[in-house]
Amino acid sequence: IVSASCEESSPPQHLLKLPLPFLSFFLLKSLPLASEDIEAGRVRNKFTPVTLTFENICVDVDVMVDGVKQTKRILDNVTGVVEPGQFLACMGPSGAGKTSLLDILAARRGYTSGRICINGEPLHEGRFKKISGYVQQHEQMMGTLTVRQTLEFYARLKLPSTFTAEQRTAEVDRLIRQLLLTRCADTYVGDSFVRGVSGGERKRVSIAIELLSQSAILFLDEPT
């Protein structure tokens, strides 16, 4: 989870461990934007930085055991915070509940009990989705488009209608440069039938697509 900030923040000195087996959270310092991008006005920063807090999140699901339906708790009193300018990484083995927690915080699924707040106010699903982005674990992109063509297509969809063609191109160029996609910018994204970019490059393309929206907070499922 990445919470964007208009200013560079100082790195936290602590490690927050949550009471969920095999699941820990690490707060990391985010990378600042390039100064030349800020000076050239290529960074829009027209959002209000947000602090995401979640308290005592619990999730119960029904499972069948020997033909009998039982209730199983997959998330138990999970608490944490993401402040502007920070990364929060959820790490753990398969089945630990990482994607479930991510979907709950991104308002993509419900939960049994707990509290989620944005800047101290209860999360409103409709408004929150307008200021947040979500990079899915399995991306859906057109394999016969190049990396640049893919970003240009989404730039037309996501950037404000007041942007000129030159401004859209500048925004795409900035993301290509910042996400180290210059070498493969004119390579096909690829699919099962068309050879394309590597898995890591493909993931960075999907991140770039969501960054076009300049969301205040970004959720990434399996970003590495």
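Residues numbered from 1 in each chain as written. Predicted model: local features only at pLDDT ≥ 70, side-chain atom pairs only at ≥ 80, totals over all residues. Heavy atoms only, no water.

Side note on helix 4 (residues 147-158)
Test applied: Under the DSSP-based scheme used, a helix requires at least four consecutive residues in state H or I and a strand at least two consecutive residues in state E, with every element numbered from the N terminus. What a helix is expected to span follows from its residue count: subtract one and scale by 1.5 Å. The contact rule is simple, with two residues in contact once any of their heavy atoms fall within 4.5 Å.
Here helix 4 spans 16 Å end to end across twelve residues, near enough to the 16 Å set by a 1.5 Å rise per residue. Buried residues in helix 4 make contact with helix 5 (165-178) and helix 6 (199-211).

Focus: the sheet that holds strand 4 (residues 52-65)
What counts is decided by this rule: Pairing between strands requires that DSSP locate at least two bridges from one strand to the other.
Read from one edge of the open sheet, four strands run 5-4-7-8, paired in antiparallel fashion. Bordering the open sheet on either side are strand 5 (68-82) and strand 8 (121-122), each of which pairs with just one other strand. Pairing between strand 4 and strand 7 (residues 113-118): five bridges, direction antiparallel. By the bridge assignment, Cys58 is partnered in strand 7 with Ser113.

Some thoughts on unusual backbone geometry
Positive phi, normally seen in glycine, also occurs at Asn56, with a value near 50°. Mapped onto the fold, Asn56 is located in strand 4. Positive phi outside glycine occurs at Asp66, with the angle close to 55°. Tracing the chain through its elements places Asp66 in the loop between strand 4 and strand 5.

A word on the pattern of salt bridges
Rule in force here: The rule for a salt bridge is simple: a side-chain nitrogen of Lys or Arg has to be within 4 Å of a carboxyl oxygen of Asp or Glu. Burial classes: relative accessible area under 20% of the type maximum marks a residue as buried, over 50% as exposed, and values in between as partly exposed (1.4 Å probe, protein chains only).
Within the structure shown, the criterion is met by eight salt bridges. Across the pair Arg108 and Asp103 runs a salt bridge, and its minimum N-O distance is 3.7 Å. Put simply, Lys129 and Glu125 hold a salt bridge, and the shortest N to O gap is 3.3 Å. Taken together, the residues Lys129 and Glu125, both in helix 3 (residues 125-131) and four residues apart, mark about one turn of the helix. Residue Lys129 is classed as partly exposed on the basis of its relative accessible area, which comes to 43%. A relative accessible area of 45% means that Glu125 is categorised as partly exposed. Residues joined in a network through salt bridges with shared partners are Asp60, Arg73 and Asp76.

As for the environment of Phe87
Along the chain, Phe87 falls in strand 6 (residues 86-91). Residues Phe87 and Ile1, 86 residues apart in the sequence, show an inter-C-alpha distance of 5.8 Å.

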